[in-house]
Amino acid sequence: MNDRFLDFAIRYGFLILLFGLIVYFSLAAPGFFGPLSAAFVLQSVAITGILALGVTCTLVVGGFDLSIGAVATSALMLSAYSMVILEHPTVVAVFLCLGMGALVGLINGLLIVKFRVPDLLATLGMMFLLIGLQRIPTQGNSIATGMTLTDGTVAEGTFSAAFLWLGRHRFDVVIDRLLPMPVVIFIGIAVLIWLFLGFTRHGRLMYAIGSNERAAALVGTPVNRYKIAAYMISGVTASIGGILLAARLGRGDIASGNNLLLDSVAAALIGFAVLGAARPNAFGTAIGALFVGILLQGMTMMNAPYYTQDFVKGAVLVAALVFTFYLSSRRSGAGH
């Protein structure tokens, strides 16, 4: 009986917690359980979730990427600089950002596998480098149409309608005019990564590397290539998040995205607890992002002080990881 209860708690405990949270906020915060609130939750979840899916890929191979928030804000600033100052079309701006994300991921991967720099230190260093680099062209100022540049000229470029469409368009699907384009992109990326990690040979090899890198190498797996690929995926997904954030804001806001790293990492780690997976997985990460979005939206609608939000997120993250690892270890011990 105890074993069955333990198995049930490990597998479904977090989903029950998520359902309970929705019920609580629906009763405590008028208007929470409605289409407008759902749209806000989905909108906030989309960008965080996309970044978290990239982190998930690095966790799968036994790594960790702390540079995702900086990559996202760099993509935001690069797209703004490209369109507003250099007056590039949408396609050029988007490909510049995607290329930047892939390049950062490649450099991270090379630092880790070729130069043997620990993943946390390599990506932390990249994070600081990007935070400084993105501020240099405008001397730390945000980018907007009509701004005065450092040489005294005025920026005449604008965000094109096609670019803004990526962040602001809403579809007449499920919820009338309330399904934002970033949510559609998030769902698409989540499905692709879920299929890739769970149902392809490459995904299984990446899990094998994360479980036992040495054993994977002994059977001929190109470990270094897969690890570099994981960081490149993380860089590209982070740049997609930055593009969508820029398209939603319509300007290169230097202060935007400050919480992207923490929220994305929380979503990826919470994913360990979903359905008792006890390992990084795309479905769990998507649910974790949804949980973080619901939690923040509910607290905001209840007028909870902003400075309590990180504390609550941390408490929930700790609880989720206890669910995953402590209860799982007890189950394993009971099995022996």
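Residues numbered from 1 in each chain as written. Predicted model: local features only at pLDDT ≥ 70, side-chain atom pairs only at ≥ 80, totals over all residues. Heavy atoms only, no water.

Chemist: What should I look at first to understand the packing of aromatic side chains in this one?
Modeler: In this description, an aromatic ring pair is defined by two values, namely the gap between the centres and the angle between the planes. Taken as a whole, this structure holds seven aromatic pairs when the rule is applied. Relative to Phe-171, the ring of Trp-165 lies with its centre 6.5 Å away and its plane at 80 degrees, an arrangement referred to as edge-to-face. Classification of Trp-165 by relative accessible area gives partly exposed; the value is 38%. Judged by relative accessible area, Phe-171 falls into the partly exposed class, the value being 25%. (Phe/Tyr/Trp six-rings, centres within 6.5 Å; stacked < 30°, edge-to-face > 60°. Buried < 20%, exposed > 50% of the residue type's maximum accessible area, 1.4 Å probe, protein only.)

Chemist: So what exactly am I meant to see when it comes to the pattern of salt bridges here?
Modeler: Note on pairing: side chains with opposite charge can pair once their charged atoms come close. Evaluation of the coordinates by the stated rule reveals two salt bridges. Glu-213 serves as the salt-bridge partner of Lys-227, at 3.2 Å between the closest nitrogen and oxygen. Of this pair, Lys-227 sits in helix α10 (residues 223-249) while Glu-213 sits in helix α9 (residues 213-218), placing them 14 residues apart in sequence. For Lys-227, a relative accessible area of 12% puts it in the buried group. Here Glu-213 falls in the partly exposed class, since its relative accessible area comes to 35%. Note that Asp-253 and Arg-251 form a salt bridge whose closest N and O atoms lie 3.7 Å from each other. For Arg-251, a relative accessible area of 33% translates into the label partly exposed. (Salt bridge = Lys/Arg side-chain N within 4 Å of Asp/Glu carboxyl O. Helix = DSSP H or I, 4+ residues; strand = E, 2+ residues; numbered from the N terminus.)

Chemist: Would you mind showing me how to read the packing of helix α2 (residues 35-60) against helix α7 (residues 181-199) here?
Modeler: The packing of two helices is summarised by the inter-axis angle and the distance between the axes. Between α2 and α7, the least distance of the axes is 8 Å, while the angle of their chain directions is 20 degrees. It follows from the interaxial angle that α2 and α7 lie roughly parallel. Like other packed secondary-structure pairs, α2 and α7 cross with a definite hand, here left-handed. Touching Leu-42, Gln-43, Val-45, Ala-46, Gly-49, Ile-50, Leu-53, Thr-56, Cys-57 and Val-60 of α2 are Pro-182, Val-183, Ile-185, Phe-186, Ile-189, Ala-190, Ile-193 and Leu-197, all from α7. Split by residue class, the contact of α2 with α7 holds 15 nonpolar, three polar and no charged. (Axes fitted to C-alpha atoms, helices over the stretch in contact; angles between N-to-C directions. Parallel < 35°, antiparallel > 145°, perpendicular 65-115°, else oblique. Left-handed = near helix turned anticlockwise from the far one by under 90°. Contact = heavy atoms within 4.5 Å. Nonpolar A, V, L, I, M, F, W, Y, C, P; charged D, E, K, R; others polar.)

Chemist: Hey, could you run me through the state of the cysteines in this one?
Modeler: Such a bond, covalent and formed between the sulfur atoms of two cysteines, is termed a disulfide. Overall, the coordinates contain zero disulfides when judged by the stated rule. Looking at the unpaired Cys-57, the closest cysteine sulfur is the one in Cys-97, lying at 20 Å. (Disulfide = S-S within 2.5 Å.)

Chemist: Honestly, a nonpolar patch on the surface in this entry has me stumped. Any pointers?
Modeler: Together, Ile-187, Val-191, Trp-194, Leu-195, Phe-199 and Phe-283 line one region of the surface with nonpolar side chains, adding up to about 580 Å² of accessible area. Per-element tally for the nonpolar patch: the top contributor is α7, with five residues. Within the secondary structure, Leu-195 is located in helix α7. (Patch = residues over 30% accessible without salt bridge, like charges linked within 9 Å, V, L, I, M, F, W, Y side chains within 5 Å. Areas by Shrake-Rupley, 256 points an atom, 1.4 Å probe, with all protein chains shown as cover.)

Chemist: Teacher, can you tell me more about the side chain of Asp-263 here?
Modeler: Mapping Asp-263 onto the fold places it in helix α11 (residues 260-270). With relative accessibility at 9%, the residue Asp-263 sits in the buried group. Those residues in contact with Asp-263 that lie beyond four places of it in its chain are Thr-48, Val-292, Leu-296 and Lys-313.

Chemist: Explain the packing of α7 against α10 to me, please; I cannot follow it from the model alone.
Modeler: Direction vectors running N to C along α7 and α10 enclose 170 degrees, while the axes themselves pass 11 Å from each other. In terms of orientation, α7 and α10 fall into the roughly antiparallel class. Between α7, through Pro-182, Ile-185, Ile-189 and Ile-193, and α10, the contact on the second element is made entirely by Thr-237, Ile-240 and Leu-244. Residues that form the contact of α7 with α10 fall into these classes: six nonpolar, one polar and no charged.

Chemist: I tried to follow unusual backbone geometry on my own but got confused; where do I start?
Modeler: Positive phi, normally seen in glycine, also occurs at Glu-87, with a value near 60 degrees. Secondary-structure assignment places Glu-87 in the loop between α3 (68-85) and α4 (90-113). A positive phi angle is found at Asn-303, which is not glycine, with a value near 60 degrees.

Chemist: Would you mind showing me how to read the environment of Val-318 here?
Modeler: Within the secondary structure, Val-318 is located in helix α13 (residues 309-335). Taking the C-alpha atoms as reference, Val-318 lies 9.6 Å from Leu-269; in sequence the two are 49 residues apart.

Chemist: Looking at this model, I keep getting lost on the nonpolar core. Mind explaining?
Modeler: Side chains of nonpolar character tend, in soluble globular proteins, to be buried together. Ranked by internal contacts, the top residues of the largest apolar core, which has 95 residues, are Phe-14, Phe-163, Phe-186, Ile-270 and Phe-291. A total of 12 residues in this core trace back to one element, the largest contributor, which is α2. The contact partners of Phe-291, leaving out residues within four places of it in the chain, are Phe-14, Leu-17, Leu-18, Leu-21, Ile-270 and Val-316. Ile-112, Ala-122, Ile-228 and Tyr-231 belong to the second largest nonpolar core, which has five residues in total. (Core = buried A, V, L, I, M, F, W, Y, C linked by side-chain atoms within 4.5 Å.)

Chemist: In this structure, what is going on with the confidence of the model for the protein? I would like to understand it.
Modeler: The predicted coordinates ought not to be read in detail in places where the model reports low pLDDT. Per-residue pLDDT for the protein has a mean of 89; in total, 95% of the residues score no lower than 70. Within the protein, strand β2 (residues 175-180) has the poorest average pLDDT of any element, 68, and α4 the best, 98. (pLDDT = per-residue confidence, 0-100.)

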